Amino acid sequence: MARVVPERDARKPVSAGTTAVTRSAYRVSVTETTHQQHGNGTRSPEYRLARNSLRGLRQDLFHDPFAYRPLPPRRTDGPFVRRLPARARAAAQHLPHAVVGVLALLALAAGALSSGLPGGDVAALLIGVLCALPVLATLVRPAGAFWLSLAVTPVVALVKNGSGDWPWMPGAFICHLSVLVVVALRTRPRTAAWMWGLTVAYAFLSDVFFGGSYYYTNSGPMLVTSAFALLVVSVWHIRRTAEQEVTAQQTVTAHERSRRTALEERTTIARELHDVVAHHMSVVAIQAEAAPYRVENPPPELERAFVTIRENAVAALTELRRILGVVRAEDYEAPDAPQPTLADLDALLVNVSDAGLRVEKVVTGAVRELPQGVELSAYRIVQEALSNSLRHAPGASARVEIGYVLGGLGVRVVNGPAPEPSLVKPSPGAGHGITGMRERVTMLNGEMTAGPADDGGYEVAVFLPVATVNEGDA
């Protein structure tokens, strides 16, 4: 237990209420905090590098090294393989397995032939099998095959009773080199570096502690040859990864380019639509305004009809500019006019009545303010339904029912059949009116039915849900 010695500051007197013991305790506290900060501070970059390296070694070679990881078949969509016949292309899928099998046969032959007479020495056959086994293990357990190759190398040397090269006998040399290359091809450059480092460590230990009775050591040729082979494999890995990243980036770029092209085409179409429709609507408005002056003493009904035509043309032109005018220029500012709501429904019905459609409006329930999206969608649905009535049943009568119910808003627009005979012929539309109404209803999670009525007319019924606000939530 540390003994605390009170100190007095000669430069600053101890003020009233502050004792030397308190100040000393404060000094000790600051000192302990400083030591704790230095002790628990950020580690050095070298320490972090070593820790990350050891973590990579454990993950690559020590974590479940004998896990079952079979070698997948070769892809047949390459530029050369896809030109082969069907049978040859199917056989090309197993080309990597065949190459590993050939390497295993080479290790078997080198281990057996370098140990005695071919087929006449049991020890030679055993050495050949031991050398071929790690190579075959790379097909199913790559990390385990590396450890098996390191374990086989001293066993082969012991079976040969100290004769031959050290520490890698000819069969073990081919075995370990083949295992390094195959495992490096199946994993990544970091694993190749760790395997070569462990090979260096094994060569050093075997030459220093167990190579005294051997005249020649082949650790140098093994390390140089394996380093060159693993370097080539690592470069291939890096190049392949770079090609995959470039391909992925090119795919993303092509997708973005196609999207940009589609957006540019849509923008061009929208601009052309804005120019054409705006021009014609302007001509309609001007002609409707000038038409009464071309007739001497026009009747009041004709003047009101032209006024209605001009007002509709101007309103349509304003809506068109509000929706499509934004594509004319980047600095376009949309007008600040408010969006229509159900409060503007009366003006719409007057406008439609002046166009020749007799409309009756019925409102049920307690009128209340609804969300802007519901108000706008209900207005547009009524507007589109009445426009369809004008086009398909000219001269008929219509009925608009607005129902404020618990949990939502009900809208029903029904028109009767067109009178016979009729001076105005029905005009077929583009067929997008009902689709547009359904899209609005779907956007608000509502329900809609549209179809012919029993009397020969047409009926559109919509329910738009509105979330109720509880008093406790307000």
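Whatever comes next refers back to the structure up there.
Residues numbered from 1 in each chain as written. Predicted model: local features only at pLDDT ≥ 70, side-chain atom pairs only at ≥ 80, totals over all residues. Heavy atoms only, no water.

K.L.:
Provide a residue-level description of the side chain of Ser377, including the pertinent values.
P.N.:
Relative to the helices and strands, Ser377 resides in helix α12 (residues 372-392). Assessed through its relative accessible area of 2%, Ser377 is described here as buried. A polar side-chain atom of Ser377 sits 2.9 Å from the main-chain carbonyl oxygen of Gly373. With near-sequence residues (within four places) excluded, Ser377 lies in contact with Arg440, Met443, Leu444 and Leu464. (Helix = DSSP H or I, 4+ residues; strand = E, 2+ residues; numbered from the N terminus. Buried < 20%, exposed > 50% of the residue type's maximum accessible area, 1.4 Å probe, protein only. Polar contact = N/O pair within 3.5 Å; in protein donor to acceptor, adjacent residues only side chain to side chain. Contact = heavy atoms within 4.5 Å.)

K.L.:
How would you sum up the pairing of strand β2 (residues 397-405)? Please name residues and give values.
P.N.:
Bridging between strand β1 (residues 358-364) and β2 involves seven bridges; their strand directions are parallel. Note that in β2 the partner of Arg358 across the bridge is Ser397. With respect to chirality, the unit in which β1 leads through α12 into the neighbouring parallel β2 is left-handed. Where β2 meets strand β3 (residues 408-415), eight bridges bridge the pair, whose relative direction is antiparallel. Paired with Ala398 across the bridge in β3 is Asn415. Remark: two residues form the turn of the hairpin made by β2 and β3, two consecutive strands paired antiparallel; Gly407 in that turn has positive phi of roughly 95°. (Pairing = 2+ DSSP bridges. Right-handed = clockwise from strand over helix to strand, strands pointing away.)

K.L.:
An account of a positive patch on the surface is requested, with residue identities and associated values reported.
P.N.:
A surface patch of positive charge is lined by Arg43, Arg48, Arg51, Arg55 and Arg58. As for its position among the elements, Arg48 is in helix α2 (residues 45-62). (Patch = residues over 30% accessible without salt bridge, like charges linked within 9 Å, V, L, I, M, F, W, Y side chains within 5 Å. Areas by Shrake-Rupley, 256 points an atom, 1.4 Å probe, with all protein chains shown as cover. Salt bridge = Lys/Arg side-chain N within 4 Å of Asp/Glu carboxyl O. Lys, Arg positive; Asp, Glu negative; His and termini not counted. Charge placed at Lys NZ, Arg CZ, Asp CG, Glu CD.)

K.L.:
Give a description of the side chain of Thr341 that names residues and reports values.
P.N.:
With respect to the helices and strands, the residue Thr341 is situated in the loop between α10 (300-324) and α11 (345-354). Of the residues examined, Thr341 reaches a relative accessible area of 18% and is grouped as buried. Residues contacting Thr341, with those up to four places away along its chain left out, are Gln372, Glu375 and Tyr379.

K.L.:
Describe in detail unusual backbone geometry, supporting the description with residues and values.
P.N.:
Backbone geometry at Asp64 places phi at a positive 50°, although glycine is not the residue there. Relative to the elements of secondary structure, Asp64 occurs in the loop between α2 and α3 (86-92). The backbone phi angle of Asn445 is positive, close to 60°, even though this residue is not glycine. For Asn445, the position within the fold is in the loop between α13 (433-443) and β4 (447-452).

K.L.:
Residue-level account of the packing of helix α5 (residues 122-137) against helix α6 (residues 142-159), with values.
P.N.:
Packed helices, taken two at a time, are described by their axes: the angle between them and the distance between them. Running from N to C, α5 and α6 cross one another at 165°; their axes reach a closest spacing of 8 Å. Our classification of the angle between α5 and α6 gives roughly antiparallel. Taken as a pair, α5 and α6 cross one another with a handedness that is left-handed. Seen from α5, the contacting residues are Ala123, Ile127, Leu130, Cys131, Leu133, Pro134 and Ala137; seen from α6, they are Pro142, Ala145, Leu148, Ser149, Val152, Val155, Val156 and Val159. Split into classes, the residues belonging to the contact of α5 with α6 amount to 14 nonpolar, one polar and no charged. (Axes fitted to C-alpha atoms, helices over the stretch in contact; angles between N-to-C directions. Parallel < 35°, antiparallel > 145°, perpendicular 65-115°, else oblique. Left-handed = near helix turned anticlockwise from the far one by under 90°. Nonpolar A, V, L, I, M, F, W, Y, C, P; charged D, E, K, R; others polar.)

K.L.:
Any details on the sheet that holds β1? Residues and values, ideally.
P.N.:
Here we have five strands laid out as an open sheet, ordered β1-β2-β3-β5-β4, and mixed in their pairing. Only two strands of the sheet have a single partner each, and these edge strands are β1 and β4. Mean inter-strand twist for the sheet, computed between neighbouring axes without regard to direction, equals 10°. Across the sheet, α12 lies against β1, β2, β3 and β5 (458-465), angled at about 10° from β3, the strand it touches most.

K.L.:
Account for the nonpolar core, naming residues and giving values.
P.N.:
In terms of nonpolar packing, the biggest core is built from 38 residues, with Val135, Phe146, Val156, Trp168, Val179 and Met195 touching the most fellow members. For this core, the secondary-structure elements that each account for two or more residues are α2, α4 (95-113), α5, α6, α7 (170-186), α8 (189-209) and α9 (219-290). It is α7 that provides the largest number of residues to this core, a total of nine residues. Setting aside anything within four residues of it in sequence, one finds Val135 in contact with Val100, Leu103, Ala104, Ala107, Cys175, Ser178 and Val179. Val352, Val374, Val382 and Val460 belong to the second-largest nonpolar core, a separate cluster that totals 28 residues. (Core = buried A, V, L, I, M, F, W, Y, C linked by side-chain atoms within 4.5 Å.)

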